[in-house]
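Coordinates in review
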Amino acid sequence: MPDAQVAFVRRLHRIYGGFALGVLAFVVLLGALERLGWPRGWIGAMFLIATILVYAVIGLISRTTDEVEYFVAGRRVPAMYNGMATAADWMSAASFIGTAGVLYLQGFAGLAYILGWTGGYCLVALLLAPYLRRFGQYTIPDFLGARYGALARVIGALSTVLVSFVYLVVQIYGVGLITSHLTGFTFEIGIFVGLGGVLVCSFLGGMRAVTWTQVAQYIVLIVAYTVPVVWLSVKQTGNPVPMLAYGAQVAQVSEREREIEADPREREVIEVFAQRARAANAKLADVHASLEADRQALMQRIAELKAADAPLGRIQQQERRLRELPTDDDSARATYIAQRDEALRRAQPLGGLPPHAQPYARPQSVAAEEESQAGSMQSGATHEGNARAMSDSARRNFIALALCLMVGTAAMPHILMRSYTTPSVSEARRSVAWALFFIALLYLMAPALAVFVKYEVLYHLVGVPFDELPEWIRRWSKLSRALVSARDVNGDGVLQFGELVMSGDLIVLAAPEIGGLPNVVGYLVAAGGLAAALSTADGLLLTIANALSHDIYYRVLNPQASPIRRVMLAKVMVLMVALGAAYMASLHLADILPFVAAAFSLASAALFPALTLGVFWRRANALGAAAGMLTGLGVCLYYMATNLPWTRALLGLPGAGARWFDIDPVAAGVFAVPAGLAVAIVGSLIGPSPGAMQSALVERIRGLSGPASPS
Amino acid sequence: MLPGTEPASLRRWQRVRRLTAALLVPWVCVVLGVPWFAPELSELHLLGFPLGYWMASQGALLVFLAIVAGYALSCDRLDATLAEETHADPHADPRGTQGDGHA
């Protein structure tokens, strides 16, 4: 390593070491101010302002118009720091907020995300990172263009935009959610405040600013995740290493789950939901009459309330319900079906959640139970057969999802792009190892957090009388009823597990409150979530803008453009893409995680076969690459479009789709990648052998001939 | 070309390829094996965890980390030994990494 680089690394150690201590000191200071009686709104605002200010300052210091600095941070980011920046790039709002939530809701099944989001780095390290670094250009479509020609570059650039845009919208959504939690602004304003935070980094300094901000953001997010997990770990088990400590809690949670399944009051709750499901089902028999009956009943109730001179609030509540009734038979049918399915889901042991530690468990529905009790031996046997088929399907889906996420990781342009920013090939390899280390740190803690929160809920929340429920339930349900709701379904005045619905998004954000930690920890977690969302949004924004300005405009439309003009255009693109994504996010999407998984499937299908074949198979050529990419994308989009309920509705397709091997549509990549790979191979064999330039490129990236970098 | 007389860069590429294949084997085993056998593994226990749960939440991650770190270290060592072997020939660029540090 040259001396200048050694000095540079030392300086970085000093700066970021100081920053990490500063973060801790800041948290302790705000903790002390909280004790002195600062209002919680101020503390939340302080976290928001201070962190965004730090990112903005780093972004301003790193502003640049130089092309190599703007697109690849000058290619001098040392391995460890590149690893940290990659980790921040990687860990999105979904990782930070969503993962522990999914683990809480799905138990073992959620571990597919943990496996998928770490295992992919083996593919990045072994198959792509060192070769991309030796190639040494600016974007991923650059590689496709040099290896396969202009058509592959354009398809690559468009897939990059598609994949990253889907993922970006999810990040901005996360930013809006957290900002509105920290400040009390509405969600829409939250989005635009957060957007400012994204833009100050990426707009002026491109990759250079984003890299150095991301390192700071990683420090914030890992501190923010570690503090509550370690705190809960010490509080519940006395052991400060959560990874070792939560084994005991897993056992306790499983034991309590068995108690709750047997609890007669939980069974009452289940019976109420089963009744509601039957009622909704009965309404479906004659939708028109049921809708009319519902309307009459509500009108009568309002008249009664008015006659009895009831409080205005209660009358208005009934009037609102009357207004919200479906207006025609079709939407009424949809409403009744939704009501029935929701009731059926909750008419299960543990409120429909599977036992936490059991792989591929499907809770028995009450309906199935009744059937098997009433039925003969034969129907009992088929019931068991069904349960086994369901558990096999769960296992297949687990593996399919994990595989999609892994291959998708190795095809995510904003991650692969980071291989370009290291000083050497060796550092590119080490940087992947560092990145996986920093990522694993968080993913090893996420399952622990989920278990600690479940333990708190099962042991300290269930069985509490309704009028003594903790404050956080009321506060979060006021923000959105979808986040948490607790209703006394069986009317005994005490909370049962089946009466509590918690959204996955809530688990991490509310974990400190659920565990009874000081408010300041809750705000620290929110600041960490914001760091995670902003850092990923920045990386994605750059990737999209670069694909549009560098690959489409400069390489295809106007090859004469000057470097200054290219950087200018890239900045304009950043702005436009950011506004577009913010607009999409403000439309309120469904739960975060399925969209992310869909983006991974798309990335894996579109890019992985062409990229790896480009390195490892000399014979791969333009025809094969283009056909393979289009096939991959096509299969993936087809499977998703024909199987996701909302796209079916959009396309006007009736009924449910025909699934292949019962695989969930978000894991479509598991079919699309092999299809794309096969077509790429066949196409390459049909088309002409790659030319001399392409062969020379393959030699060069494999290290068979120097020099390593064209610049 | 006789065996053993290929340029160092070609020998290096062959070894890297072999290393890559060798490291993908444990990867595939973990990725497919852990989810597939999780119910059976969960009959056993480790640190209080059901083993299947532990493997999927921690064990697999440690294997992944070992694979990636092992690859980075092995490649560096490979480059160092090849650089020594071809030290006598100043025209050879055994690592194929000429200019990497100053790109």
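Bear in mind that the values here come from a model prediction, so they are computed numbers and not experimental data.

1. Quick word on the overall build of chain B
Per the secondary structure count, chain B includes two helices and two strands. Taken from the N to the C terminus, the helices and strands of chain B come in the order α-β-β-α. Going through the 103 residues of chain B one by one, you find that 33% of them count as buried. Summarising the internal contacts of chain B: among those between residues at least 6 apart in sequence, 50% fall at separations of at least 24.

2. Comments concerning the overall build of chain A
Looking only at helices and strands, chain A has 27 helices and two strands in total. The C-alpha radius of gyration of chain A comes to 27 Å, within 12% of the 27 Å expected for a compact globule of 711 residues. Within chain A, the proportion of its 711 residues that are buried is 53%. Taking all contacts inside chain A whose residues are at least 6 apart in sequence as the whole, residues at least 24 apart take part in 82%.

3. Examining the interface of chain B and chain A
Each partner contributes to the interface: chain B provides 44 residues, whereas chain A provides 50 residues. Contributions of two or more residues to the side of chain B that touches chain A are made by helix H1 (8-41), strand E2 (49-50) and helix H2 (51-85) of chain B. The residue makeup of the side of chain B that touches chain A, split by class, is 27 nonpolar, 12 polar and five charged.

4. Observations regarding the domain arrangement of chain A
Residue and element names in this part refer to chain A. Taken as a whole, chain A is organised into domain 1 (3-218 + 407-441 + 538-701) and domain 2 (257-396). In this structure, domain 1 and domain 2 have C-alpha centres spaced 40 Å apart. Contacts between the two partners involve eight residues from domain 1 and, on the opposite side, 10 residues from domain 2. In terms of residue class, the side of domain 1 that touches domain 2 is made up of five nonpolar, two polar and one charged.

5. Focus: the environment of Ala696 of chain A
Take Ala696 of chain A: it is sitting in helix H27 (residues 692-701). Each C-alpha atom of the pair Ala696 of chain A and Ile302 of chain A lies 81 Å from the other, and the pair is 394 residues apart in sequence.

6. With respect to the environment of Arg147 of chain A
All names here are of chain A. If you trace the backbone, Arg147 turns up in helix H7 (residues 140-148). Among the residues examined, Arg147 registers 25 C-beta atoms within 10 Å and is labelled buried. Along the sequence, Arg147 and Arg265 sit 118 residues apart, while their C-alpha atoms lie 66 Å from each other. Apart from the residues within four sequence positions on either side, Arg147 is in contact with Gly614, Gln694 and Leu697.

7. Looking at the confidence of the model for chain A
Residues and elements named next belong to chain A. Confidence in the prediction for chain A averages 84 pLDDT; 94% of positions are at 70 or higher. In this model, residues 363-380 is a region of pLDDT below 50 whose contacts with residues beyond four sequence positions or in other chains number 20 contacts. In the predicted structure, residues 707-711 sits below a pLDDT of 50 and forms 17 contacts with residues beyond four places in sequence or in another chain.

8. Some words on the packing of helix H18 (residues 425-461) of chain A against helix H20 (residues 504-514) of chain A
All names here are of chain A. Where H18 contacts H20, the two axes come as close as 10 Å, and the packing angle between them is 50°. On the basis of the axis angle, H18 is oblique to H20. With respect to the hand of their crossing, H18 and H20 are arranged in left-handed fashion. In this structure, H18 contributes Leu449, Ala450, Val453, Glu456 and Val457 to the contact, and H20 contributes Ile507, Val508, Ala511 and Ile514. Residues belonging to the contact of H18 with H20 are distributed by class as follows: eight nonpolar, no polar and one charged.

9. Focus on the nonpolar core
If you look at the biggest cluster of nonpolar residues, it comprises 243 residues, and the most contacted ones within it are Ile172, Leu221, Leu449 and Leu541 of chain A together with Val68 of chain B. For this core, the leading source of residues is helix H9 (residues 187-237) of chain A, giving 24 residues. Three or more residues apiece are contributed to this core by two domains, here domain 1 (3-218 + 407-441 + 538-701) and domain 2 (257-396) of chain A. In contact with Leu541 of chain A, not counting residues within four places along its chain, are Leu168, Val198, Ser202, Val574, Val577 and Ala578 of chain A.

10. As for helix H21 (residues 519-557) of chain A
Over its 39 residues, H21 of chain A runs 54 Å from end to end, which matches the ideal 57 Å to within 8%, given 1.5 Å per residue. Along H21 of chain A, the sharpest kink reaches roughly 30°, centred on Asn546 of chain A.

11. Some details on the packing of helix H1 (residues 3-35) of chain A against H21 of chain A
All names here are of chain A. Where H1 meets H21, the closest approach of the two axes is 9 Å, and the angle between their N-to-C directions is 140°. Of the possible angle classes, the one that applies to H1 and H21 is oblique. Read as a crossing pair, H1 and H21 show a hand that is right-handed. Where H1 abuts H21, its residues Val27, Leu30, Gly31 and Glu34 lie against Asn519, Val520 and Leu524. A class-by-class count of the residues in the contact of H1 with H21 yields four nonpolar, two polar and one charged.

12. What to know about unusual backbone geometry
All names here are of chain A. If you check the backbone angles, Ala73 has positive phi at about 50° while not being a glycine. Its place among the elements puts Ala73 in the loop between helix H3 (67-72) and helix H4 (79-90). Accessibility expressed as a C-beta count within 10 Å gives 26 for Ala73, which makes it buried. At Arg75, a position not held by glycine, the phi torsion is positive, near 50°. For Arg75, the location among the structural elements is in the loop between H3 and H4.

13. Digging into the confidence of the model for chain B
Residue and element names in this part refer to chain B. Scored by pLDDT, chain B comes out at a mean of 79, with 77% of its residues at no less than 70. When pLDDT is averaged over each helix and strand of chain B, the minimum, 81, is found for strand E1 (residues 45-46) and the maximum, 90, for H2. For this predicted complex, the interface confidence score (ipTM) comes to 0.87, while the overall pTM stands at 0.87.

About the criteria used
- Residues numbered from 1 in each chain as written.
- Chains lettered and ligands numbered in written order.
- Predicted model: local features only at pLDDT ≥ 70, side-chain atom pairs only at ≥ 80, totals over all residues.
- Helix = DSSP H or I, 4+ residues; strand = E, 2+ residues; numbered from the N terminus.
- Buried ≥ 20, exposed ≤ 12 C-beta atoms within 10 Å, placed from the backbone.
- Contact = placed C-beta atoms within 7 Å.
- Rg over C-alpha atoms; globule rule 2.2 N^0.38 Å.
- Nonpolar A, V, L, I, M, F, W, Y, C, P; charged D, E, K, R; others polar.
- Domains from an automatic or database assignment.
- pLDDT = per-residue confidence, 0-100.
- Axes fitted to C-alpha atoms, helices over the stretch in contact; angles between N-to-C directions.
- Parallel < 35°, antiparallel > 145°, perpendicular 65-115°, else oblique.
- Left-handed = near helix turned anticlockwise from the far one by under 90°.
- Core = buried A, V, L, I, M, F, W, Y, C linked by C-beta atoms within 7 Å.
- Expected span 1.5 Å × (residues − 1).
- Bend = angle between axes of the 7 residues up to and from the residue.

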